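Next come the chains, spelled out residue by residue.
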Amino acid sequence: MHCSAAFSQAATSATAVPTISGSRHVGALHSSSSSSSCTLLIPSKPINLRFCGLRREAFGFSPSAFTRCSNSQRVQLPSRRRFKGSNVCASLGDNGIPKSFDYDLIIIGAGVGGHGAALHAVEKGLKTAIIEGDVVGGTCVNRGCVPSKALLAVSGRMRELQSEHHMKALGLQVHAAGYDRQGVADHANNLATKIRNNLTNSMKALGVDILTGVGTILGPQKVKFGTDNIVTAKDIIIATGSVPFVPKGIEVDGKTVITSDHALKLEFVPDWIAIVGSGYIGLEFSDVYTALGSEVTFIEALDQLMPGFDPEIGKLAQRVLVNPRKIDYHTGVFATKITPAKDGKPVTIELIDAKTKEPKDTLEVDAALIATGRAPFTNGLGLENINVVTQRGFVPVDERMRVTDANGNLVPHLYCIGDANGKMMLAHAASAQGISVVEQVTGRDHVLNHLSIPAACFTHPEISMVGLTEPQAREKAEKEGFEVSVAKTSFKANTKALAENEGEGLAKLIYRPDNGEILGVHIFGLHAADLIHEASNAIALGTRIQDIKFAVHAHPTLSEVLDELFKAAKVKDHASNPVSEPVAV
Amino acid sequence: MATLSPFLSKTPLSNTPTISFSSSISTPLKWKSITSFSPSGSSSSRSRRRIFIVQSKIREIFMPALSSTMTEGKIVSWIKSEGDVLSKGESVVVVESDKADMDVETFYDGILAAIVVPEGESAPVGAAIGILAETEAEVAQAKAKAASAGAAAPASHPVASTPVPAVSPPEPKKVAESAPSVARKTVATPYAKKLLKQHKVDINSVVGTGPFGRITPEDVEKAAGIAPSKSVAPSAAPAALPKPAPAAAPAAPLLPGSTVVPFTTMQAAVSKNMIESLSVPTFRVGYPIITDALDALYEKVKPKGVTMTALLAKAAAMALVQHPVVNASCKDGKSFTNNANINIAVAVAINGGLITPVLQDADKLDLYLLSEKWKELVEKARSKQLQPHEYNSGTFTLSNLGMFGVDRFDAILPPGQGAIMAVGASKPTVAADADGFFSVKSKMLVNVTADHRIIYGADLATFLQTFSKIVENPESLTL
C-alpha cells in the first residue's frame, strides 16, 4: 500500500518536475538532473524505477516531505536533518552540564506554562525538574480555563434547549430543559481531575522530576523547595502564575461574595448575582449563570462593557450576549465596598462614580462574583535574594522573558513566563513563552511574537481575536505612517452557520492594504475560538493576505467565514509578497 | 394631538414639490391607505408616485428596504439620540436586515425629535422609525406625532399579545435608561427591569414579592396582566414526556386583546394525534339501541359500584369477542394487526385535556372488577399518575357524551385503533313495534367510526347488531 501511494505521488510529482525545474534552474534540465536528489538516495537505479524504490519505510520521509523533495527543494531535507543533529550536539557541547548542577532546567510552577516548557525541554534533551507547591495544573487546569469550559458546555446546551424560537426553527420540540446543579459541578470537577492527571502523567512519562513543595530562589541557579531541599540548575524558569485579584474594600467570604475559584465549584446558583468586571472571566460567568437561570448585574469601572475587545466586536457582543439576556449593568462605577450576605441581609454593594468618586448607588443582590482580573503570584519566591523588584507584583522581564533586576540588568539564567510576568495573561501564551525560553537555553535565539497569540472568550457564541484591535491598529498606523483597512464578513452569509441556525456573528480583518499584512482579526460567532487559528498562524508565519486568500477551505464549513474575509480584503496590486520575519514585540 | 399632526411625510428619497394636507390623520398609516385618505386634503393629490411632501418640516424617518428580500428590519442602534442635530448624509441609525447591518443616513438636515422604534425592536419596511423636525420649535409637535405613531406602529412580533394601551403617553421613551432604580427602596432584578420597560409598567405600581421585597420578573408580569412565562430552569429535571407536536402553521395576525397560550404536553399530544388521524380513511355507521333493559340493570347494579361506563365497555368488549376484525388495527396500511386482547379505551375529559384510560381485557373481567378498575383509572388520570400502558394500549375506544344530552355525535378515530364508538344520550322515544303498537322506549344512538382499510361496512353493521342485542338483553353482562 505504501508503495502504491508513493508511486502515485511520485507520478504526480514527476509531471510537475519539468515545469518547476525549467523555471527554477534556467533551462538545461532533463530527467537526469531532475532526479539528482533522488539519485543521492538511490544511486544507480534507472529513473523510471525510482518511484517504486522510494518508500516511506525505507527513508523515513513523510509523503509530503517526499513531494517537496522532488519539487525542487531536494537539498533541503537531508540538510535539515543534519542541522537538527548538529543542534543537539551544540547543546550538549556548549551547555554541557558541569557536574555541580542537579538539573539543566528547573521550572517553578507546574501550570500550563511550566508544563509546556518542561515538555519542550525534554524534547531538547534537557534534564528537567518542575517544582509545584500546590496541585499540578495550576490555575488553568484547576481553577480556570478547564473547569469553566465544562460549565460553559453545559450553559451552551441549556441555552440552546431553552431557546424555543431556535428549537422551533430547527423543527425540534423540547420540553422543560432542566439541570442538576451537583451534576454540573461534578462534570467541571471531573474534567479538571482528568486533565490534571493527563498533565502529571505526560510529565512523568517523559522523565520530568516533579518536586513537591513551595519553590524559593536562594541565589543564582539555586532553588529551595519544601522545607529544606536545595537543588541547582543551569537555568531556572519562574512560572508561578496568578491568583484572582480582589480590590480593596471587598470582603470575599467564598459563599456569597466569591471569586472565579469558588464560582467554578458551582456550590450554588443565586437568583441574582452581580459580576464585578466585564472582561473574559465576567462574560463567561454571565453566560453560565444566565443559562442556569440567574439574573446578572455587571459592574464595570470603564465607560463601556467589555473594554478589552475591539469596540465593534464589543458592541455586537453586547447586543447578543448582554441586552437580550437577563442582565443589566452599571458602567463607569467602582464597587468600593462589598459585604457578604449575613444575618438575613443580602449582599450589599456600594458603588461610586469612577470619575467623580461620589457615591452613586447601593445594590442588594444574592451574590457577587469578583472578576476584576488576576494578580501575579510571586510571594515567597525569594526574588529579593537576587535583587529583583516586582512591578505591581509582576516579575520584570525583557522580550526574551529574561528577568531583569532592580538596576535593569539581566539576571543570568533566570527567566519568567506566564501570568507572573504579566505580558499576556493567557495559558497558551505562558506555554509559548516557556517554549521560547527553552529554545534560547538550548542555543537557538527565539523571540515570541505576542501579536500572533490568539485569545478567546467562550461565551455563546464565542469571541476570539488575534493581533491589534482597530483603534490600536489606527494608532500604530498614525505613528508609523501606513494605511489601515478593515474587511468584514458576516456569519449570516455562511452556509454552515445558517444550517446550525446560528447566523449571528461577525468576522473582522484589520490589515495593511499596501502590503497585505494582517494586523488583527476579531471574530464573534459560532465556534469563533476554533476559527481564529487560521489568522493567528498567518500572523505568526508572516503570511500575507494576497497569499492566504488562495488557500482552499472545505465547503460548507464555518472556516469559509475567514476565507471570505481574506477575499474581501483589498490589497493594492503592487504589493509584493516577500515573506517577512515575524515582528517581535 | 390629532389637529397638531395634520402631516404625513414623504419617502426619504423624494424631493418633489410639496403636497400639503389640511386634513388631520392622526395615525400615520402606511402608504396605500394614505393615498385613499388624501383626497380629503385641500390640494390635488397627484399621488400616483405616492410621494408626499410636507409643508411643515416634520419628517418621518422610514425603515428602509436594504435588500430586495427585506420585509422588516431591526433597529440595531440609534447612532443619534433624541434632540441631536443631524445634517444631511449623516448616519442616524443602524438597521439589521435579513442580510447585514447597515447605517441609515438622513436625507435632510434637522433635529431628531423622537425615536419611534427603539433599539432592539423591529419595524416593517416603510414604517416610521423616527421623527425629524426641522427646527427646535417643531420638536414638541414632532414628539406628539411620534407618540401617535408609536401607538399605531404595528408590533412586528406579536408576542403573546400584550395588551398595550392604545394611546401611549408621549413620555415613556425617556424613562428608558435611568428610571426604574432611582426610587431608593424599590429594588428590581435585571430581568424585572427589562420587563418593566418592555411592558411600560410603572415601577411604583408593582409590589415586590421577591427576597428582601425586591420586584421579580413574575411581579412585573402580574402587574402587566400577562401570564407569567415559565421560569427558566428549575433544578432537577422533571421527566416530561417528549411528545412532539407539529410545528405551528404561520398564524394570522392576532386580534387585539387575544392571547396565545402554548399547548400543554397533553394538549400537544392530542393535537399530534388528531393531525395523524387525518391519514386514515374512516367511515361511520350509526345504530339505534333501546336501553330500557340496560337502564333497569344499571339501577340494580349501581349500588354495587357499577358505572354506566363499565356497562358499556363490557358490552362493547363482549361484542368485539364475536367480531375480532373490529378489534383489529391497521398499523402500516398493508396488514391487519389482530389484537390478542380486547382493551377498551374510554375517553375522559380532565381539566382542559383529554385522556383515554384503558380497561384491559374488558371481555374477561367481570362487571364489578371492571367498575373497580375504572374507578382506579379515573383516580390516576385525575392525579396524572397514569402509566403509559394505561392510556395507550387501547384496541377500541368508547366515547360517551350522553350525560350532556348529546343525542349523537361523530368521533375521530385515534391512530392505531380500528374503531371508536360515540355514544349519545338515551332518550324516551315513541317507538312502533312490528304489530303496530306504539310505546315509549328509551333509545340511544351509537355511532361507530372505523378504519375502512380493515373494517368494512358489513363488519361494522354486524358488530353493532351484536352490540345492540347485548345491550337490549343485558343479563349476559353480569355473568
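Residues numbered from 1 in each chain as written. Chains lettered and ligands numbered in written order. Predicted model: local features only at pLDDT ≥ 70, side-chain atom pairs only at ≥ 80, totals over all residues. Heavy atoms only, no water.

Notes on the overall build of chain B
Per the secondary structure count, chain B includes eleven helices and 16 strands. For chain B, buried positions account for 41% of its 479 residues. If you take every contact in chain B between residues at least 6 apart in sequence, the share linking residues at least 24 apart comes to 61%. Carbon and sulfur atoms make up 59% of the accessible area of chain B, which totals about 25,000 Å². (Helix = DSSP H or I, 4+ residues; strand = E, 2+ residues; numbered from the N terminus. Buried < 20%, exposed > 50% of the residue type's maximum accessible area, 1.4 Å probe, protein only. Contact = heavy atoms within 4.5 Å. Areas by Shrake-Rupley, 256 points an atom, 1.4 Å probe, with all protein chains shown as cover.)

Quick notes on the overall build of chain A
Summing up its helical and strand segments, chain A has 21 helices and 23 strands in all. Buried residues in chain A amount to 50% of all 585 residues. Within chain A, contacts between residues at least 6 apart in sequence are counted, and of these 64% link residues at least 24 apart. Taken as a whole, chain A presents about 26,700 Å² of accessible surface, with 55% of it coming from carbon and sulfur.

A few points about the pairing of strand β10 (residues 295-300) of chain A
Residues and elements named next belong to chain A. Across the six residues of β10, six count as buried, placing the element largely inside the fold. What you see with β10 is no split at all: Glu295, Thr297 and Ile299 on one side and Val296, Phe298 and Glu300 on the other are buried throughout. The pairing of strand β9 (residues 272-276) with β10 spans five bridges and is classified as parallel. In the strand pairing of β10, Trp272 is matched with Glu295. For the crossover that starts at β9, traverses helix α14 (residues 280-291) and ends in the parallel β10, the hand is right-handed. Pairing of β10 with strand β11 (residues 327-331), which is carried by five bridges, proceeds in the parallel orientation. Residue pairing across strands places Glu300 opposite Thr331, the latter belonging to β11. For the crossover from β10 across helix α15 (residues 311-322) to β11, the handedness is right-handed. (Pairing = 2+ DSSP bridges. Right-handed = clockwise from strand over helix to strand, strands pointing away.)

Describing the confidence of the model for chain B
All names here are of chain B. When pLDDT is averaged along chain B, the result is 75, and 72% of the positions lie at 70 or above. For residues 1-54, every residue scores under 50 in pLDDT, and the model assigns this stretch 90 contacts once sequence neighbours within four places are set aside. Here residues 152-184 is a poorly scored stretch, pLDDT under 50, and it has 35 contacts once near neighbours within four places are set aside; other chains count. Both scores are available for the predicted complex, with the pTM at 0.57 and the ipTM at 0.71. (pLDDT = per-residue confidence, 0-100.)

Things to note about the side chain of Gln440 of chain A
With respect to the helices and strands, Gln440 of chain A occurs in helix α16 (residues 427-441). Each residue touching Gln440 of chain A, except ones within four places of it in the same chain, is listed here: Arg400, Arg402, Tyr415, Asp445 and His446 of chain A.

A short note on the environment of Leu377 of chain B
Residue and element names in this part refer to chain B. The topology assignment puts Leu377 in helix α9 (residues 367-382). Judged by relative accessible area, Leu377 falls into the buried class, the value being 1%. Separated by 13 residues in sequence, Leu377 and Glu390 place their C-alpha atoms 7.9 Å apart. Residues within four places of Leu377 in sequence aside, it is in contact with Pro357, Val358, Leu359, Leu386 and Glu390.

Overview of the nonpolar core
Among the nonpolar cores identified, the biggest contains 54 residues, and Ile344, Phe396, Met421, Leu460, Phe463 and Phe467 of chain B are the most heavily contacted of them. Among the elements that make up this core, the one with the highest residue count is helix α8 (residues 308-322) of chain B (ten residues). Setting aside its immediate chain neighbours within four residues, Phe463 of chain B contacts Ala316, Ala319, Leu320, His323, Val326, Phe396, Met421 and Val448 of chain B. Residues Phe309, Leu316, Ala367 and Leu426 of chain A belong to the second largest nonpolar core, which totals 48 residues. (Core = buried A, V, L, I, M, F, W, Y, C linked by side-chain atoms within 4.5 Å.)

Concerning helix α6 (residues 265-277) of chain B
Given 3.6 residues to a turn, an α-helix orients residues that are three or four positions apart in the same direction. The end-to-end C-alpha distance of α6 of chain B, which contains 13 residues, comes to 18 Å, matching closely the 18 Å that a straight helix rising 1.5 Å per residue would cover. Within α6 of chain B, burial applies to Ala268, Ala269, Ser271 and Ser277 of chain B. (Expected span 1.5 Å × (residues − 1).)

A short note on unusual backbone geometry
Residue and element names in this part refer to chain A. With an omega dihedral of 0 degrees, the bond running from His460 to Pro461 counts as a cis peptide bond. Within the secondary structure, Pro461 is located in the loop between β19 (455-457) and β20 (462-467). Omega for the bond connecting His555 with Pro556 falls within 30 degrees of zero, at -5 degrees, which places this linkage in the cis form. Note on placement: Pro556 falls in the loop between α20 (545-548) and α21 (560-568). Here the phi dihedral of His413 falls at roughly 60 degrees; this positive angle occurs in a residue that is not glycine. Given the relative accessible area of 31%, His413 is considered partly exposed.

A short note on the packing of helix α10 (residues 145-162) of chain A against α14 of chain A
Residue and element names in this part refer to chain A. Direction vectors running N to C along α10 and α14 enclose 45 degrees, while the axes themselves pass 8 Å from each other. The orientation of α10 relative to α14 falls into the category oblique. For the pair α10 and α14, the sense of crossing is left-handed. Facing α10, whose interface residues are Ser148, Lys149, Leu151, Leu152, Ser155, Met158, Arg159 and Gln162, α14 presents Glu284, Phe285, Ser286, Asp287, Val288, Thr290 and Ala291. (Axes fitted to C-alpha atoms, helices over the stretch in contact; angles between N-to-C directions. Parallel < 35°, antiparallel > 145°, perpendicular 65-115°, else oblique. Left-handed = near helix turned anticlockwise from the far one by under 90°.)

Some thoughts on the packing of aromatic side chains
Tallied over the full model, the rule gives four aromatic pairs over all chains. When the centroid spacing of 5.5 Å and the interplanar angle of 40 degrees are considered together, the rings of Tyr280 of chain A and Phe309 of chain A count as tilted. Residue Tyr280 of chain A is located in helix α14, and its partner Phe309 of chain A is located in the loop between β10 and α15; the two are separated by 29 residues in the primary sequence. A residue is classified by how much of its surface remains accessible, and Phe309 of chain A, at 5% relative accessible area, is buried. Look at Phe463 of chain B and Phe467 of chain B: their rings are 6.4 Å apart centre to centre, the planes differ by 25 degrees, and that puts the pair in the stacked class. Of this pair, Phe463 of chain B and Phe467 of chain B both sit in helix α11 (residues 457-472), separated by four residues, roughly a single helical turn. We classify Phe463 of chain B as buried; its relative accessible area is 0%. Judged by its relative accessible area of 0%, Phe467 of chain B is buried. Through a chain of ring-to-ring contacts, three or more aromatic side chains come together here, namely Phe396, Phe463 and Phe467 of chain B. (Phe/Tyr/Trp six-rings, centres within 6.5 Å; stacked < 30°, edge-to-face > 60°.)

Regarding the sheet that holds β10 of chain A
All names here are of chain A. If you walk across this open sheet you meet the five strands as β8-β15-β9-β10-β11, and the pairing is parallel. Edge positions in the sheet fall to β8 (257-259) and β11, since each of these pairs with one other strand and no more. Neighbour-to-neighbour, the strand axes of this sheet turn through a mean angle of 20 degrees, independent of strand direction. Taken together, the three bridges between β8 and strand β15 (residues 367-370) define a ladder with parallel strand orientation. Note that in β15 the partner of Ile258 across the bridge is Leu369. Contacts from α14 reach β8, β9, β10, β11 and β15, with the element oriented near 165 degrees to β10.

Some points on the side chain of Ser436 of chain A
Within the element layout of this structure, Ser436 of chain A appears in helix α16. Look past the residues within four positions of Ser436 of chain A in its chain and what remains in contact with it is His446, Val447 and Leu448 of chain A.

So, helix α19 (residues 528-541) of chain A
All names here are of chain A. With 14 residues, α19 ought to run about 20 Å at 1.5 Å a step, and its terminal C-alpha atoms sit 21 Å apart, in line with that. The largest bend along α19 reaches roughly 25 degrees and is located at Glu534. Turning to α19, its buried residues are Ala528, Ala529, Leu531, Ile532, Ala535, Ser536, Ala538 and Ile539. In this structure, the buried side of α19 is in contact with β19, β20, β23 (518-525), α20 and α21. In the segment just after α19, Gly542 is the residue with positive phi, at about 75 degrees. (Bend = angle between axes of the 7 residues up to and from the residue.)

A look at the sheet that holds β23 of chain A
Residue and element names in this part refer to chain A. Taken in spatial order, the five strands make up an open sheet running β19-β20-β23-β22-β21, and their pairing is antiparallel. The outermost strands of the open sheet, each flanked by one partner alone, are β19 and β21 (485-490). Ignoring which end each strand starts from, the neighbouring axes of this sheet average 10 degrees apart. Note: strand β22 (residues 506-511) against β23, six bridges, orientation antiparallel. Bridged to Leu506 within β23 is Phe524. Strand contacts of helix α17 (residues 470-480): β20, β21, β22 and β23, with the helix running at about 10 degrees to β22, the strand carrying the most contacts. With respect to the sheet, α19 is in contact with β19, β20 and β23, its orientation differing from that of β20 by roughly 10 degrees.

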